[in-house]
Amino acid sequence: MQTNFTPAQLADPHVAESEAILRKCVHCGFCTATCPTYVTLGNELDSPRGRIYLIKDMLENGRPADAEVVTHIDRCLSCLACVTTCPSGVDYMHLVDHARIHIEKTYKRPVMNRLTRSVLAAVLPYPGRFRLALKLARMGQPFKGLMKRIPGLNPFVAMLDLAPRSIPAPSPLAKPGRHQPQAERRGRVAILTGCAQPVLDPAINEATIRLLARLGVEVVVPEGEVCCGSLVHHMGREEQALAGARANIDVWMREIEAGGLDAIIITASGCGTTIKDYGHMLRLDPAYADKAARISALAKDITEYLASLDLPSHMPRGITVAYHSACSMQHGQRITMAPKLLLKAAGFTVRDPAEGHLCCGSAGTYNIMQPEISGELKARKVRNLEATKADIIATGNIGCITQIATGTDMPILHTVELLDWAYGGEMPAKLKGFKLTAG
């Protein structure tokens, strides 16, 4: 793609990076076939290629974002299927990140949109506030019908639809501490506690800690961890995202200096994609660039780490698992085989749903901010998962678990919960009461 940025514009390293990304695009259109919003809406401007044109025009002319640009950029899930598909290596992730930051700085959104985004940024990254918000959501359920009739309140209706009927008690394993290995020591890792996940489903990290301890790995839950920054990063609130990244880097560097770390274990693939990008996000910060790169190199999805431990194989259990590969796992981190191979080695029969490359519609806060498109993608994903006739759905991201669970009666669990069960743990609570093919 030909570009016409001025030397003055290219003096800005963010603009220079975006210009280099734009130049790689050859307009081939391969991305349109795998883009969930283009497949759903059929609008060229809701494809990666269309958004690239809009971003190029906005940045090249040095103008503020307008309503058209914001509409189509907001509809992007950041699923990154286009990055996997692109034969030219276009780094769409960092291009759209830059566009969102530019939008946040130059565009004044309608008042209800600003309010919704501010609420999400002020609540979701903070477990205490998020837990309180979920309790308040139960009080708001009787008013959902009225809210649907008020323009601008659709995101709040979506929040009520996604809110669980019951909230698990906080896990004692989420408190800072050290969990000693129960077998011959094989390593020492830190685990990201997270922000939304420990509120919605603390069993995921509990299963991770139990399994790793039985396998001989010391697990550290560090003091002072905060949200990885993913949620606000994708909203264009870059300073808030970078503040969280710096705080976490400081926490993990202390653990590295205190006793060393073989890995930083992440059980939410959306968080993993962002933490693995800390090195890029902070590349221009002289105080953090090297540390951020070191932390990104240590970040490992739990399945990525378990695959390095050479676990034993089990006889088939007779239980069939439909594996939903979260976008942030398969496209963001390029982890595609490890979770399925681990499940197969643990004795499960694994089935791949059709259109596995398409997003389920969760995408951080997307199912709140774009509920109509998200709902169509969820229905499509659920149809494909149910068509596998599997007993269980497994995935590696809390957002996908929450989203898909609202559309099907099939039990959906994190992959590590099934692995914990297979390697000596108790049956996951979600499976109790379900008739499985085998025990």
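Residues numbered from 1 in each chain as written. Predicted model: local features only at pLDDT ≥ 70, side-chain atom pairs only at ≥ 80, totals over all residues. Heavy atoms only, no water.

A short note on the overall build of the protein chain
At step 1: Helices and strands together make up the secondary structure of the protein chain, namely 25 helices and nine strands.
At step 2: In summary, the protein chain has a C-alpha radius of gyration of 22 Å against a globular reference of 22 Å for 439 residues, a match within 12%.
At step 3: C-alpha extents for the protein chain along the principal axes are approximately 60 × 50 × 40 Å.
At step 4: A burial count over the protein chain gives 56% of its 439 residues as buried.
At step 5: Long-range pairs, those at least 24 residues apart, make up 74% of the contacts in the protein chain with a sequence separation of at least 6.
At step 6: If you sum the accessible surface of the protein chain, you get close to 18300 Å²; carbon and sulfur atoms cover 56% of it.
At step 7: Across the protein chain, the mean location of the 49 positive side-chain charges is 5 Å away from that of the 42 negative side-chain charges. (Helix = DSSP H or I, 4+ residues; strand = E, 2+ residues; numbered from the N terminus. Rg over C-alpha atoms; globule rule 2.2 N^0.38 Å. Buried < 20%, exposed > 50% of the residue type's maximum accessible area, 1.4 Å probe, protein only. Contact = heavy atoms within 4.5 Å. Areas by Shrake-Rupley, 256 points an atom, 1.4 Å probe, with all protein chains shown as cover. Lys, Arg positive; Asp, Glu negative; His and termini not counted. Charge placed at Lys NZ, Arg CZ, Asp CG, Glu CD.)

Considerations on the sheet that holds strand S1 (residues 177–179)
Backbone-to-backbone hydrogen bonds join strands into a sheet, with any given pair of strands oriented parallel or antiparallel.
At step 1: The strand order across the open sheet built from five strands is S1-S3-S2-S4-S5, with neighbouring strands paired in mixed fashion. Across the chains shown, the open sheet's two edge strands, defined by having one partner strand only, are S1 and strand S5 (299–301). Ignoring which end each strand starts from, the neighbouring axes of this sheet average 30° apart.
At step 2: As paired strands, strand S2 (residues 187–191) and strand S4 (residues 263–266) are joined by three bridges and run parallel to one another. Counted as the bridge partner of Ala-190 is Ile-264 from S4. (Pairing = 2+ DSSP bridges. Axes fitted to C-alpha atoms, helices over the stretch in contact; angles between N-to-C directions.)

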